[in-house]
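Inside the fold
As a plain string of letters, each chain reads:
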Amino acid sequence: PKVVMSLSSLMRSFASAPLRVCGSRAFSVSSRQQQGCPSVGFIGLGNMGAHMARNLAKKGCSLTLLDVNTDILQSVADETNGKVATTPAEVAADSDFVVTMLPANAHVTEVYTGVNGIFQTAKPGTVMIDSSTIDATLAQTIARQARDDHQCILVDAPVSGGVGGAEAGTLTFMVGGSDEEFKKASELLQFMGQNLVHCGTNGTGQVAKLCNNMLLAITMIGTSEAMNLGVRMGMDKQVLAGILNTSTGRCWSSDTYNPCPGVFPNVPSSNNYKGGFGTSLMAKDLGLAMDAASTSKSNTPLGSLAANIYNIMSTQEFAGRDFGSVYKFINGESLDE
């Protein structure tokens, strides 16, 4: 099949220092006494953001919401008794905290610095939390603008834990900012996550996230290869997955989010890869990781190969499906097979 030829060609043509991402400071909120929640603006109600906003509402937060998808926006507003806004500036004007969960660099730049952006109306002292996955340099730039030009706090706080973690309120937040900024942001982050990790100064949260997602892509591809090989050689997929998950090959991609259809019932692979974390978003994150590798002169041969695989997938039918659909890509199958 054509997709196999593309992969084979990529393998033949492929010919880019470890990075310290986090300090030892971590903040577990499991035993924290939860306090009252102030007014919160939330921009970006996708697969992750909608659940995060719902959890804030469950903790008593008063929400002002914004998303480009007006149907989802209204639905979440109805569920949470939230106020619907029409611009980021309107969100910020009403909020003590602002959380953003956006797809890419351009969206973050526009939402914060645009004509109708957050910085236009944010009150001094507003705590801003950007949970998007973006370039670390951009995270540093907008944090400096928030601090120097608007007397506000802005931390980068990308997440890990998937849609399930967002729904359950068990996300890990990788936070970049000063000690005091981390402390202030944690007052709100505790309502959405279980583990709050202070990675260092502004931008280091993004560094941690990019390293994590590069590794995630590599292990998802590796799990897909192993499952495909075993099944093609006659192994029962349930038996093979059980062996992998009690052996040294075990990883999150195998024991929680297995990409082989039918291994686990409640993951995207068993729903034709609908929902979950999109292939195009993984390709975007890997592009950011490769940019960081080039800037820091770090060798990432497997990361580079993973980035090329997901870039190819993003031009095909897999683009809008979960990144675990790499199982089908490697197997040379379409989503309908």
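Check the entry above for the structure.
This section reports on the structure supplied with the text.

Each value, and the rule that gives it
Residues numbered from 1 in each chain as written. Predicted model: local features only at pLDDT ≥ 70, side-chain atom pairs only at ≥ 80, totals over all residues. Heavy atoms only, no water. Phe/Tyr/Trp six-rings, centres within 6.5 Å; stacked < 30°, edge-to-face > 60°. Helix = DSSP H or I, 4+ residues; strand = E, 2+ residues; numbered from the N terminus. Buried < 20%, exposed > 50% of the residue type's maximum accessible area, 1.4 Å probe, protein only. Axes fitted to C-alpha atoms, helices over the stretch in contact; angles between N-to-C directions. Parallel < 35°, antiparallel > 145°, perpendicular 65-115°, else oblique. Left-handed = near helix turned anticlockwise from the far one by under 90°. Contact = heavy atoms within 4.5 Å. Nonpolar A, V, L, I, M, F, W, Y, C, P; charged D, E, K, R; others polar. Polar contact = N/O pair within 3.5 Å; in protein donor to acceptor, adjacent residues only side chain to side chain. Patch = residues over 30% accessible without salt bridge, like charges linked within 9 Å, V, L, I, M, F, W, Y side chains within 5 Å. Areas by Shrake-Rupley, 256 points an atom, 1.4 Å probe, with all protein chains shown as cover. Salt bridge = Lys/Arg side-chain N within 4 Å of Asp/Glu carboxyl O.

1. Describing the packing of aromatic side chains
On inspection of all chains with the given rule, the structure shows six aromatic pairs. Ring geometry for F318 against F329: centres 6.0 Å apart, planes inclined by 90°, an arrangement best described as edge-to-face. Here F329 lies in helix 14 (residues 326-331) and F318 lies in the loop between helix 13 (301-313) and helix 14, a separation of 11 residues in the sequence. Take F318 and F329: they sit in the same class, and that class is buried. Of the aromatic side chains, those joined through ring pairs into one cluster are W252, Y257, F277, Y310 and F323.

2. As for the packing of helix 2 (residues 49-58) against helix 3 (residues 70-80)
Packing of helix 2 against helix 3 leaves a shortest axis separation of 10 Å and a crossing angle of 20°. Taken as axis vectors, helix 2 and helix 3 run roughly parallel relative to one another. In the packing of helix 2 onto helix 3, the handedness of the crossing is right-handed. Residues A50, A53, R54 and A57 of helix 2 touch helix 3, and the partners they reach there are V76, E79 and T80. Its residues assigned to classes, the contact of helix 2 with helix 3 comprises four nonpolar, one polar and two charged.

3. Overview of the side chain of N331
In this fold, N331 is placed in helix 14. Judged by relative accessible area, which is 10%, N331 ranks as buried. There is a polar contact of 2.8 Å between the side chain of N331 and the side chain of R232. Residues in contact with N331, not counting those within four places in the same chain, are N228 and R232.

4. Section: a nonpolar patch on the surface
Taken together, M235, V239 and I243 make up a surface patch of nonpolar side chains, about 240 Å² in accessible area. Structurally, I243 is set in helix 10 (residues 237-244). Given the relative accessible area of 42%, I243 is considered partly exposed.

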